Amino acid sequence: MKVVNLKQAILQAWKERWSDYQWAINMKKFFPKGATWDILNLADALLEQAMIGPSPNPLILSYLKYAISSQFDDFSRDLCIQALLDIMDMFCDRLSCHGKAEECIGLCRALLSALHWLLRCTAASAERLREGLEAGAPAAGEKQLAMCLQRLEKTLSSTKNRALLHIAKLEEASSWTAMEHSLLKLGEILANLSDPQLRSQAEQCGSLIRSIPTMLSVHSEQLHKTGFPTVHALVLLEGTMNLTGETQPLVEQLMMVKRMQHIPTPLFVLEIWKACFVGIIESPEGTEELKWTAFTFLKIPQVLVKLKKYSHGDRDFTEDVNCAFEFLLKLTPLLDKADQHCNCDCANFLLQECSKQGLLSEASVNNLMAKRALDREHAPQLKSGENANIQPNPGLILRAEPTVTNILKTMDADHSKSPEGLLGVLGHMLSGKSLDLLLAAAAATGKLKSFARKFINLNEFTTHGSEDNPKAASVRALLFDISFLMLCYVAQTYGSEVILSESRTGAEVPFFETWMQTCMPEEGKILNPDHPCFRPDSTKVESLVALLNNSSEMKLVQMKWHEACLSISAAILEILNAWENGVLAFESIQKITDNIKGKVCSLAVCAVAWLVAHVRMLGLDEREKSLQMIRQLAGPLCSENTLQFYNERVVIMSSILEHMCADVLQQTATQIKFPSTGVDTMPYWNLLPPKRPIKEVLTDIFAKVLEKGWVDSRSIHIFDTLLHMGGVYWFCNNLIKELLKETRKEHTLRAVELLYSIFCLDMPQVTLVLLGHILPGLLTDSSKWHSLMDPPGTALAKLAVWCALSSYSSHKGQASTRQKKRHREDIEDYISLFPLDDTQPSKLMRLLSSNEDDTNVLSSPTDRSMSSSLSASQLHTVNMRDPLNRVLANLFLLISSILGSRTAGPHTQFVQWFMEECVDCLEQGSRGSILQFMPFTTVSELVKVSAMSSPKVVLAITDLSLPQGRQVAAKAIAAL
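Residues numbered from 1 in each chain as written. Predicted model: local features only at pLDDT ≥ 70, side-chain atom pairs only at ≥ 80, totals over all residues. Heavy atoms only, no water.

Looking at an unreviewed UniProt entry, one finds the protein named Mediator of RNA polymerase II transcription subunit 24 and attributed to Prolemur simus. Per its UniProt entry, the protein bears the Subcellular location (unreviewed entry) comment "Nucleus". Here is the UniProt Sequence similarities (unreviewed entry) comment for the protein, exactly as written: "Belongs to the Mediator complex subunit 24 family." (UniProt positions renumbered as here; feature names shortened; annotations may be inferred.)

Take a look at the structure:
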């Protein structure tokens, strides 16, 4: 057909779907310079075609885009501009496209181009109006400006349009930048206009445009809640079990909770302080109390300094901290109780520390201190006569922190030059509670590993060479003993990970590290008394036995203490055999044990370490003499001691022996009285009731915690013990069963908050179990679907997402100290559970196939095209050998299969809740999030679900950093 005019060209192009090239060739015929009439023809044809056809086609936009780019920078042609504005009015709030993904991306680009033109047109109209006002002709440009602003408002008020523009911005960054410049220019012109209505309308449009890049990051904060048990429990867990942990993982975990639960910053900081004061009040007297004091006054201010970096500005955060303190000061009973416990004004100490760290202004600190001082006048009497002279722990801890730095400097000196001076420093560290104070301060400030390394070096120094000079020999013996005892004490109090050095190829492992790894009893570590480490050179053993059995005191000269420590186990075995066979009398044993502990307490520690391993291997009737020997080594010395700091060393030795023997004494129902230090050295030991099934204990303690609404330190230790005893699967599975039994909505939400914090005891392993075993089991077994109904199903979906996000965000980092302590159990081989090669159907997919009538829909990945399981993670080349990545990928395959299935039920509702929670918790842009494991095809299935069919949801669940992600998002949004 011969093309005669523009209208005919449009109709033909419409029918034949002209390419851009064909359109360009024909357009040249109909757009000569100044062809106003043809522009009106264009408008008329487009309008007519829009009336005939379905909803506005992307082709209309491409025609319009061509018309604009051809010559319409001349905004003085009122009729042409008005025609184009009429066209825009017709389609701007009802765009759609059901074509290919590429066409939908074209729609996004065309919309951005049209928006840019509209902004330039608005600016030109505003400029004409301003010039007209100056010339005394106010009507000029006013009508056109009003029309432009109306179209802008109509275009931008649509969330769908803003979502398409969001994609266009990522597709064409330069076009977006040009559009932003036009927006700035428009703002400058409108600022000179006096009409407030026009200015207000333009400002609203500008705000909507500026909000497009951040349209996913706006979350409403929870203003109706004042308590946040997850934050409370997380802080309690960290203070109770992980004082030595680095601050960054804690900061990230806290920020994750803040984001997931949308907690306002002042209430977030308040909850941290509340948990700290509860921890101090609950803590048993002694080491635990000092740990909590160090955690509160040294570590948490450092955590807040790092949290400040996540804030929008320094001033904002200091105001939030000030607001948190204002709230805290209203909790008078809590502060009064903490003050009574610590015998001081705790808030005052805390405010001073926050001021030092730049978290509060001087004026705020003075104001808050004055308020607390006024409150304290009405508080119960805080000081009694007997404790008035006792220095409060917060003050001692704060003074201990610089002392730690000074001791570290002292330890760097050459030990051979002034061993006596060093001994004096170490002697002072042993007196009273100095050692506990220094270790707590070092642990809270991240210096404990360095502290331990210095003492390992000192201990190693004492193993090289021996002296003929009695005085030098006694100094060497004392340095060896004190460093050995301190290191044992640190390992038991803060975990052996603090002691162990990083793997060093070729370097000789220090004596203490070797001994600790092979010979020192620890929770969950089984020692073999016949291990080669307990069987040293026989000649050295014989000479040690002779030395111990000698009537006179042990000689210090020429003594190599590390060799004696390694030989003592074999020597004890010989002495035991001699005693059991009647060769030695009890009096001889008493003299030998006095000799062992009379000079160097570390010999007694090594002897008991072997005896503990030995007793485990004996029958009930064979243990008596071994236990009797432990009792003798732990008891008071019968003869006089001659070396310095003996009483101080014995206190540490007794604590070490009590920890070493705790397991074996419980198993053998034996009691040994250790010299009292005035405090309970093992406050959280033996918490489980005897003769009661551990499942009953678990359900009972969880019910109590749920009733209270928060987790205390004692409960944390019970949960940790149960996790250790029952294993991760048993622990997680039984607690999930308790959650699914709950039918009250407020209780299920509270349970989720508490369970998340309990699972933080070992979040990586719990997440693997929950996402890799428990959820697939529930989703693929129709007999269990009823348990996924609301409210427990909603709660489980929320918990699963929280665990997945937390583990994924942190699993690339280092495991926390408390997680390293636990024996890593192989729940199941994740490689066989979820094979790497798609030619092997995974166990999960076989489960799906066996539980679904429609095998074409729920089948193994091999039965579907590659594109059906393609996800962003594959394009980002994520390591699929990582167990968590495999579990997430397979869980999202399962979700995709459920959404595509014809069988609906509680399990499909659960999947919807799971995805809604993902969207609610995620920040803008899902690259690096768990949603990258979701197949791209899941998006089109999700938008069929009414609750998920919104442009914002589509943007949130797709990876917009990838071209494929943008295409999938554009196609889904354009079809809405």
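**Quick look at the overall build of the protein**
Along the backbone of the protein there are 46 helices and zero strands. Split into buried and exposed, the 976 residues of the protein put 56% on the buried side. Pairs at least 24 apart in sequence give 78% of the contacts found in the protein among residues at least 6 apart. (Helix = DSSP H or I, 4+ residues; strand = E, 2+ residues; numbered from the N terminus. Buried < 20%, exposed > 50% of the residue type's maximum accessible area, 1.4 Å probe, protein only. Contact = heavy atoms within 4.5 Å.)

**What to know about the nonpolar core**
Within the largest apolar cluster, 306 residues are counted, with the highest numbers of intra-cluster contacts made by Trp 515, Tyr 756 and Phe 759. Here this core gets 16 residues from one element, more than from any other, and that element is helix 23 (residues 470–494). The contact partners of Trp 515, leaving out residues within four places of it in the chain, are Phe 484, Cys 488, Met 520, Leu 566, Val 605, Cys 606, Ala 609 and Met 660. (Core = buried A, V, L, I, M, F, W, Y, C linked by side-chain atoms within 4.5 Å.)

**A look at unusual backbone geometry**
Here the bond from Asp 790 into Pro 791 is cis, since omega is 10°, no more than 30 degrees from zero. Note on placement: Pro 791 falls in the loop between helix 35 (763–780) and helix 36 (792–810). Here Asn 343, not a glycine, exhibits a phi torsion of approximately 60°, which is positive. Here Asn 343 is to be found in the loop between helix 16 (332–342) and helix 17 (346–356). Unusually for a residue other than glycine, Phe 645 sits at a positive phi of about 55°. Relative to the helices and strands, Phe 645 is located in the loop between helix 29 (624–634) and helix 30 (646–667).

**A word on the packing of aromatic side chains**
Taken as a whole and assessed by the stated rule, the structure comprises 15 aromatic pairs. Ring geometry for Trp 292 and Phe 295: centres 5.2 Å apart, planes at 85°, overall edge-to-face. Residue Trp 292 and its partner Phe 295 are located together in helix 14 (residues 287–310), separated by three residues, close to a single helical turn. The residues Trp 292 and Phe 295 share a single accessibility class, namely buried. (Phe/Tyr/Trp six-rings, centres within 6.5 Å; stacked < 30°, edge-to-face > 60°.)

**Looking at the packing of helix 33 (residues 728–741) against helix 35**
As a packed pair, helix 33 and helix 35 sit with axes 10 Å apart at the nearest point and diverge in direction by 55°. One element, helix 33, and the other, helix 35, form an angle in the oblique class. When the axes of helix 33 and helix 35 are compared, the crossing they make is right-handed. On helix 35, the residues that touch Val 728, Tyr 729, Cys 732, Asn 733, Ile 736 and Leu 740 of helix 33 are Gln 765, Val 766, Val 769, Leu 770, His 773, Ile 774 and Leu 778. Class assignment for the residues of the contact of helix 33 with helix 35 results in ten nonpolar, three polar and no charged. (Axes fitted to C-alpha atoms, helices over the stretch in contact; angles between N-to-C directions. Parallel < 35°, antiparallel > 145°, perpendicular 65-115°, else oblique. Left-handed = near helix turned anticlockwise from the far one by under 90°. Nonpolar A, V, L, I, M, F, W, Y, C, P; charged D, E, K, R; others polar.)

**So, helix 35**
With 18 residues, helix 35 should cover 26 Å at 1.5 Å per step; its first-to-last C-alpha distance of 24 Å lies within 8% of that length. Its axis deflected by about 35° at Leu 770, helix 35 carries its strongest bend there. Most of helix 35 is tucked away: 16 of the 18 residues are buried. (Expected span 1.5 Å × (residues − 1). Bend = angle between axes of the 7 residues up to and from the residue.)

**Points about helix 46 (residues 963–974)**
An α-helical segment advances 3.6 residues per turn. Residues three or four places apart therefore align on the same side. Helix length check: helix 46 (twelve residues) gives 16 Å between terminal C-alpha atoms against 16 Å at 1.5 Å per residue, within 8%. All buried positions along helix 46 are accounted for by Gly 965, Arg 966, Ala 969, Ala 970, Ala 972, Ile 973 and Ala 974.

**Regarding the environment of Gln 667**
Position of Gln 667 relative to the elements: it lies in helix 30. In the structure, Gln 667 is positioned 51 residues away from Arg 616 in sequence and 8.6 Å away in space, judged by C-alpha atoms.

**Brief notes about empty space enclosed by the protein**
Evaluation of the coordinates by the stated rule reveals four cavities of 30 Å³ or more. Quantified by volume, the second largest cavity comes out at close to 60 Å³. Along the walls of the second largest cavity sit Ala 233, Leu 237, Val 711, Ile 716, Phe 719, Ser 757, Ile 758 and Leu 761, which together make up its complete lining. Elements with a contribution of two residues or more to the lining of the second largest cavity: helix 11 (229–241), helix 32 (713–726) and helix 34 (745–759). For the lining of the second largest cavity, the per-class residue count stands at seven nonpolar, one polar and no charged. (1 Å grid on protein atoms, 1.4 Å probe; cavity = no way out; pocket = protein on both sides within 12 Å on 5 of 7 lines; lining within 4 Å. Points joined across faces, edges and corners; volume = space filled by probe spheres on them.)

**Brief notes about the pattern of salt bridges**
Applying the stated criterion across every chain, the model contains 22 salt bridges. Measuring nitrogen to oxygen at the nearest pair gives 2.8 Å for the salt bridge that ties Asp 336 to Arg 372. Taken as a pair, Asp 336 in helix 16 and Arg 372 in helix 18 (residues 362–376) lie far apart in primary sequence, 36 residues in all. Using a relative accessible area of 11% as the deciding quantity, one classes Asp 336 as buried. Taking the relative accessible area as the measure of exposure, Arg 372 reaches 1% and is therefore buried. Ionic pairing is found between Glu 917 and Lys 798, a salt bridge with its closest N-O pair at 3.1 Å. Taken together, the positions of Glu 917 in helix 43 (residues 906–921) and Lys 798 in helix 36 put the pair 119 residues apart, joining distant regions of the chain. With respect to class, Glu 917 is no different from Lys 798; both count as buried. A single salt-bridge network, built from bridges that share partners, covers Asp 336, Asp 339, Asp 345, Arg 372 and Arg 376. (Salt bridge = Lys/Arg side-chain N within 4 Å of Asp/Glu carboxyl O.)

**Examining the environment of Gly 427**
Looking at where Gly 427 falls in the secondary structure, it is placed in helix 20 (residues 419–430). With relative accessibility at 4%, the residue Gly 427 sits in the buried group.

**With respect to the environment of Lys 409**
Looking at the secondary structure, you find Lys 409 in helix 19 (residues 393–411). For the pair formed by Lys 409 and Lys 454, sequence separation is 45 residues and the distance between their alpha carbons is 9.8 Å.

**Quick notes on the confidence of the model for the protein**
Detailed reading of the predicted coordinates is not advisable wherever pLDDT falls low. Predicted confidence across the protein gives a mean pLDDT of 79, with 77% of residues reaching 70 or more. Taking the mean pLDDT of every element in the protein, the minimum, 44, falls on helix 39 (residues 843–850) and the maximum, 94, on helix 33. For residues 820–829, every residue scores under 50 in pLDDT, and the model assigns this stretch 23 contacts once sequence neighbours within four places are set aside. Below a pLDDT of 50 lies the segment residues 835–866, which in the model reaches 57 contacts outside its immediate sequence neighbourhood of four places, other chains included. (pLDDT = per-residue confidence, 0-100.)

**As for the packing of helix 27 (residues 586–598) against helix 29**
Running from amino to carboxyl end, helix 27 crosses helix 29 at an angle of 50°, the nearest separation of the two axes being 9 Å. With respect to helix 29, the element helix 27 is oriented oblique. The element helix 27 and its partner helix 29 pack so that their crossing is right-handed. Where helix 27 abuts helix 29, its residues Phe 586, Ile 589, Gln 590, Thr 593, Ile 596 and Lys 597 lie against Gln 628, Met 629, Gln 632 and Leu 633. Split into classes, the residues belonging to the contact of helix 27 with helix 29 amount to five nonpolar, four polar and one charged.

**Focus on the state of the cysteines**
Covalently bonding the sulfur atom of one cysteine to the sulfur atom of another cysteine gives a disulfide. Counted under the stated rule, the structure contains zero disulfides. Cysteine Cys 565 remains unbridged, with the sulfur of Cys 606 as its closest cysteine sulfur at 3.6 Å. This cysteine, Cys 918, is not joined by any disulfide, and Cys 921 carries the nearest cysteine sulfur, 7.4 Å off. Looking at Cys 918, the relative accessible area reads 1%, which means it is buried. (Disulfide = S-S within 2.5 Å.)

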